[in-house]
Amino acid sequence: MTVQGAISEHRLHRLAQHLKPSQNQPRLVLSRTSTPLTAHKVITAEEAALLVKDGSTITVGGFVGSGSPEALLAAIRTRFENEQHPRALNLVWGISVGDKQGKGLENLAREDLLASLTFAWTGTCPAFLKLVKENKVQAWNLPLGAISHLYRDIAAGKPGPIMKIGMGTFADPGSKGGKLNAITTTDKVEAVRLGGQSYLWYKAFPIQVALLRGTVADVYGNITVEKESLLCDQLAQAMAVKNSGG
């Protein structure tokens, strides 16, 4: 057996140990319609979609054509089409995941399903731009680095990153502060001075839901990403939601 094979055998053995039933497994509710059970944290995409409340702020993982949590996105879209809920969601992402033909984030490009968008790039999801141009959703375009740092600061309970990134650009409140249309009026970026120098403050906000794709999960809700094509902001996104009470 090769060294790599031995490591794989060891990891499979460890995973099997995690999957064994235990008297110490947590009690939880699998969905809003189920009763409390001594059970694992594995639920269907449809049950997960039922947990998303109207007005929630949601961050979505993935990068261009990689890492889309497709089943979760499709389940939320289907629930909205059938029930008209959840509604008025606030989406946050860095680089959009999709194929320009309705997959990935574009599953959620529906009027009334969305209230606002905060993003760095949405090239793979042109349907969002149509909603923005028609003033159907509020929208802010912020630098990718600022959004990545926002996840970490929300996770840490900080007020948000203070940096020089974006100064003198579209993100600067002296210009538009990242606002993309007439119905977007709230300031997400503020100019501040510290130590005699000028900076931009990207204000933190709570995030209730993270939709992320992983490789392996155990019954306690731990998720690995070792065979995903990219390691981006998944950990920071999950921590931001956890520490926002989501």
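Residues numbered from 1 in each chain as written. Predicted model: local features only at pLDDT ≥ 70, side-chain atom pairs only at ≥ 80, totals over all residues. Heavy atoms only, no water.

**Q** Explain the overall build of the chain residue by residue, including any values.
**A** From N to C terminus, the chain includes six helices and twelve strands. Partitioning the contacts of the chain with sequence separation of at least 6, the portion at a separation of at least 24 is 66%. Summed over its atoms, the accessible surface of the chain is roughly 13300 Å², and 55% of this surface lies on carbon and sulfur atoms. (Helix = DSSP H or I, 4+ residues; strand = E, 2+ residues; numbered from the N terminus. Contact = heavy atoms within 4.5 Å. Areas by Shrake-Rupley, 256 points an atom, 1.4 Å probe, with all protein chains shown as cover.)

**Q** I'd like a rundown of unusual backbone geometry, residues and numbers included.
**A** Of the consecutive residues His 85 and Pro 86, the connecting peptide bond is found in the cis state with omega at 0°. Within the secondary structure, Pro 86 sits in the loop between α3 (70-83) and β4 (89-92). At Asp 112, a residue that is not glycine, the phi angle is positive and equals roughly 80°. Tracing the sequence through the fold places Asp 112 in the loop between β4 and β5 (114-119). Even without being a glycine, Asn 135 presents a positive backbone phi close to 55°. Checked against the element boundaries, Asn 135 lands in the loop between α4 (126-133) and β6 (138-141). A residue is classified by how much of its surface remains accessible, and Asn 135, at 33% relative accessible area, is partly exposed. (Buried < 20%, exposed > 50% of the residue type's maximum accessible area, 1.4 Å probe, protein only.)

**Q** Can you lay out the packing of aromatic side chains for me, pointing to particular residues and giving the numbers?
**A** Here the distance between the centres and the angle between the planes together describe a pair of aromatic rings. All chains considered together, the criterion is met by two aromatic pairs. Look at Trp 93 and Phe 119: their rings are 5.0 Å apart centre to centre, the planes differ by 10°, and that puts the pair in the stacked class. Of this pair, Trp 93 sits in the loop between β4 and β5 while Phe 119 sits in strand β5, and the two are 26 residues apart along the sequence. In terms of burial, Trp 93 and Phe 119 fall into one category: buried. Chaining the aromatic ring pairs together yields one cluster made of Trp 93, Phe 119 and Phe 128. We note Lys 188 situated over the ring of Trp 140; from NZ or CZ to the ring centre the distance is 4.5 Å. (Phe/Tyr/Trp six-rings, centres within 6.5 Å; stacked < 30°, edge-to-face > 60°. Lys NZ or Arg CZ within 6 Å of the ring centre and 35° of its normal.)

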